[in-house]
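Structural characterization, general
Read off the chains here:
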Amino acid sequence: MSTSLSVSKPQAAASVLLIGGTDPSGAGLQADWRVVHALGMHAYTVVTAVTAQNTTSVSDMGVLGATKISAQFQSVQQALLREDALPLAAIKIGMLGDEFAIAAVCEGIAALQAQGQPPRVIVDPLIMASSGARLLTQQGENMLLERLLPLADVVTPNLNELAQLTGMPVTDIEEIEAATKQLLSIGVRSVLLKGGHYSADSEESSDYFYSQELHFWLIGKRWPDKANVLGTGCLLATAMACATAQGYAITDAIVLAKTLVSRGIRNAVLANGAYQARLGDIDPNDWSVDYQDFPLMTPQSPETPRLQLPACDSQRLGIYPVVDSVEWVEKLIHCGIKTIQLRLKTDVENPPTWDELDQQIAAAVKVCAGRNIRLFINDHWQLAIKHGAYGIHLGQEDLYDADHQAIAASGCHLGVSTHSYTEVARARWVNPSYIALGPIYATTSKDMPWVPQGPAAVERWVKLLDGHYPLVAIGGIDRERAKALKPTGVGSVAMITAITKAEDYQAATLELIKIWEE
Ligand SMILES: Cc1ncc(COP(=O)(O)OP(=O)(O)O)c(N)n1
Ligand SMILES: Cc1nc(C(=O)O)sc1CCOP(=O)(O)O
């Protein structure tokens, strides 16, 4: 499992285009619009069909002709030519109705793509209404597969739609994974199977994502007292479009969208015989993400038993130096450091032997023995376990290569690096002893694809995760920045340069401890 599809770079305001049918009971374009509005964003709309339906039946449906659909696209194109137009960054496509509408939509998208930076395209492939009535003709279904789905960045079928599109059974996890893979063979770039209908009696709702680069299950809480909430599929796909328009990478967009759907279902209200999702007030800066709605992510089956790693003895791990030798460990514990990491990075030119690593890790554990020091070993989890270190620190790649069961069985604590919503969702799957958040500021100690998150992000992470995991901020943190981060409530700050490159490491360490503890 590679770390992510790409890196999120939240950007200036952008708009989304919603393409679909209207539904008087509140799903369809009306539901899409509510999401965009709740996130304070701007939406253009292209109506493809007008339906008369409620939760039990579709009584009438009219698909607009190609001329009417194309005319709407032209209006959007003209609006986007204005100097003050918000750039179009994402398109969400819902109900299309028939093959003529699909052809018009494909042409409209091609024109928009030619006009500017190509927007991301999310397709919710609506074939049937929940009442069982068809929302797309058979010829339309063929054209969907041949022309529209290959244009999409992500396609979001539910179980019935996946079965219908692939002609494959989808009754268990293996069949779901196989059918999802099958959609890629017809040219779809990635698929997010909506799990709302899978194992409906489970306490969790699991979605499955599959692309050439990675695959994962996304597991969220189910709200059993809120059954069959209207329009949640529309909500999910539109929220993904909004997040990608805001510059989030696809996987972060999926995590945010799943969180928003959970929030909508948790707060749903009964109106006219059906539950309607309620989003309430959302802060577009952090999507008002609430821990109870935040999912777990794993490449393993969602039915795999969950790990239980030991909790750290404190939620506040304090000043946390990251060092590259036993000598540094020894010097810093004499300065009063209580949490420390031995990060033995292998020199590609002259890599240490296993025996050398073994000796250094054994020596570091010995130096800390009986002193109440939380010594974390970076990467070399087998040796950390062998020598009984307090803990192991793993980055996301190493986390997925490591033997989780062996780490959990060893009793070692486990810290995990994260840089995004996706990585926090993955970290949650192993239930770590702490979560590290980085890079907060630009660092010279390591090449990073990640944009520095800044202190405001630490505040957001604390709001989301505090009380559930001890948190550690890392990346470019010095004395002044430690002072700036203290009010965020983060329990620990980790650093390399500010201590190991200080003119007077003892003075620098004592000063940092003083700032953090006073
Ligand atoms: C406390 C802490 N946070 C993050 C890291 C980075 O770990 P990782 O992503 O594994 O990168 P490397 O350290 O291996 O370069 C860390 N070491 N400690
Ligand atoms: C090792 C490391 N990991 C980071 C992350 O963001 O995961 S930032 C980082 C480097 C921290 O060093 P300094 O204090 O010198 O900036």
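Sequence positions are assigned chain by chain, starting from 1 and proceeding in written order. Chains and ligands are labelled by the order in which they are written, letters from A for the one and numbers from 1 for the other. Owing to the predicted nature of the model, reporting of local features is limited to residues with pLDDT of at least 70; listing and counting of side-chain atom pairs is limited to 80 or more, with chain, interface and lining totals taken over all residues. Computation of side-chain values covers all heavy atoms of the structure but excludes hydrogens and water.

Things to note about the confidence of the model for the protein
- Per-residue confidence from the predictor is reported as pLDDT, which spans 0 to 100. Here the protein averages 93 in pLDDT, while 97% of its residues score no lower than 70.
- Under the prediction, the complex receives an ipTM of 0.96, its pTM being 0.95.

A look at empty space enclosed by the protein
- Cavity means a closed set of points on a 1 Å grid over the protein atoms alone, one where a 1.4 Å probe fits but cannot get out, pocket means an open set with protein on both sides within 12 Å along at least 5 of 7 lines, and lining means a residue has an atom within 4 Å of a point. Grid points are joined across faces, edges and corners, and a volume is the space filled by probe spheres set on the points. On inspection of all chains with the given rule, the structure shows one cavity of 30 Å³ or more.
- Roughly 30 Å³ of volume is contained in the largest cavity.
- Considering the residues around the largest cavity, the lining is formed by Gly-94, Met-95, Leu-96, Val-123, Asp-124, Pro-125, Leu-126, Leu-136 and Leu-144.
- As a working rule, the residues Ala, Val, Leu, Ile, Met, Phe, Trp, Tyr, Cys and Pro are called nonpolar, Asp, Glu, Lys and Arg charged, and the rest polar, with Gly in that last group. Among the residues making up the lining of the largest cavity, the classes are represented as seven nonpolar, one polar and one charged.

Structural notes on the pattern of salt bridges
- We define a salt bridge as a contact between a side-chain nitrogen of Lys or Arg and a carboxyl oxygen of Asp or Glu at a distance within 4 Å. This model, assessed by the stated rule, comprises 17 salt bridges.
- The partner of Arg-479 in a salt bridge is Glu-480, with the nearest N and O atoms 2.5 Å apart.
- For Glu-480, a relative accessible area of 44% corresponds to the partly exposed category.
- Its salt-bridge partner being Lys-483, residue Glu-480 comes within 3.9 Å of it at the nearest N-O pair. Of this pair, Glu-480 and Lys-483 both sit in helix α16 (residues 479–485), three residues apart, which is roughly one turn of the helix.
- Three labels apply to residues, based on accessible area from a 1.4 Å probe with only protein chains included: buried if under 20% of the type maximum, exposed if over 50%, partly exposed otherwise in between. Judged by relative accessible area, Lys-483 falls into the partly exposed class, the value being 40%.
- Here the salt bridges do not stand alone but share partners, grouping Arg-479, Glu-480, Lys-483 and Glu-511 into one network. Secondary structure elements are defined from DSSP: runs of H or I of at least 4 residues count as helices, runs of E of at least 2 residues count as strands, and each element is numbered from the N terminus.

Re the site of ligand 1
- When at least one non-hydrogen atom of a residue lies within 4 Å of a molecule or strand, that residue is treated as near it. The immediate surroundings of ligand 1 are formed by 15 residues, with Gln-341, Arg-343, Lys-345, Ser-417 and Lys-446 found nearest.
- For this analysis, a polar contact is any N or O atom pair within 3.5 Å, provided that within protein one partner can donate a hydrogen and the other can accept it, and provided that sequence-adjacent residues contribute only side-chain to side-chain pairs. A distance of 2.5 Å separates an oxygen atom of ligand 1 from a polar side-chain atom of Lys-345.
- Side-chain polar atom of Lys-446 to an oxygen atom of ligand 1: 2.5 Å apart, as the coordinates give it.
- The method behind every accessible area is Shrake-Rupley, applied with a 1.4 Å probe, and residues are considered shielded solely by the protein chains displayed. For ligand 1, whose unbound accessible area comes to 420 Å², protein coverage reaches 90%.
- A molecule is counted as occupying a cavity or pocket when more than half of its atoms fall within 2 Å of that pocket's grid points. According to the grid-proximity analysis, the pocket containing ligand 1 is the second largest pocket.
- Elements that contribute at least two residues to the shell around ligand 1 include exactly β18 (434–437) and β19 (471–474).

Points about the environment of Leu-485
- Locating Leu-485 in the fold gives a position in helix α16.
- The exposure class assigned to Leu-485 is buried, which follows from its relative accessible area of 0%.
- Sequence spacing of Leu-485 and Leu-88 is 397 residues, and the spatial spacing of their C-alpha atoms is 36 Å.

Regarding the packing of aromatic side chains
- Pairing of aromatic side chains here covers Phe, Tyr and the six-membered ring of Trp, requires ring centres within 6.5 Å, and sorts the geometry by plane angle: under 30 degrees stacked, over 60 edge-to-face, intermediate tilted. Following the criterion strictly, the structure yields twelve aromatic pairs and no others.
- Between Tyr-291 and Tyr-469 the ring centres are 6.5 Å apart and the planes differ by 65°, which places this aromatic pair in the edge-to-face class. Of this pair, Tyr-291 sits in the loop between β11 (274–276) and β12 (296–298) while Tyr-469 sits in the loop between α15 (455–465) and β19; the two residues are 178 residues apart in sequence, bridging distant segments of the chain.
- With a relative accessible area of 2%, Tyr-469 lands in the buried category.
- Seen from their ring centres, Tyr-320 and Phe-376 are 6.0 Å apart, and the 40° between their planes marks the pair as tilted. Placement of Tyr-320 in strand β13 (residues 318–323) and of Phe-376 in strand β15 (residues 374–378) is noted, with a sequence separation of 56 residues between them.
- The rule is short: NZ of Lys or CZ of Arg within 6 Å of the ring centre and within 35 degrees of the ring normal puts a charge over the ring. One Lys or Arg, Lys-331, reaches over the ring of Trp-328 and ends 3.8 Å from the middle of that ring.

Notes on the site of ligand 2
- Around ligand 2 sit 14 residues, and of these His-419, Thr-443, Ser-445, Gly-476 and Thr-497 come closest.
- Between ligand 2 and the protein, one listed contact pairs an oxygen atom with a backbone N or O atom of Ile-496 at 2.9 Å.
- Contact with the protein chains covers 95% of the free accessible surface of ligand 2, which is 420 Å².
- Comparing atom positions with the cavity grids shows ligand 2 to sit within the second largest pocket.

Some remarks on the layout of surface pockets
- Of the volumes computed, that of the second largest pocket is approximately 810 Å³.
- In this structure, the second largest pocket is lined by 42 residues; those nearest its centre are Arg-343, His-419, Lys-446, Met-448 and Ile-474.
- Those elements that provide at least two residues to the lining of the second largest pocket are β13, α12 (396–401), β17 (413–418), β18, β19, β20 (492–495) and α17 (497–500).
- Looking at side-chain class alone, the lining of the second largest pocket contains 17 nonpolar, 16 polar and nine charged residues.

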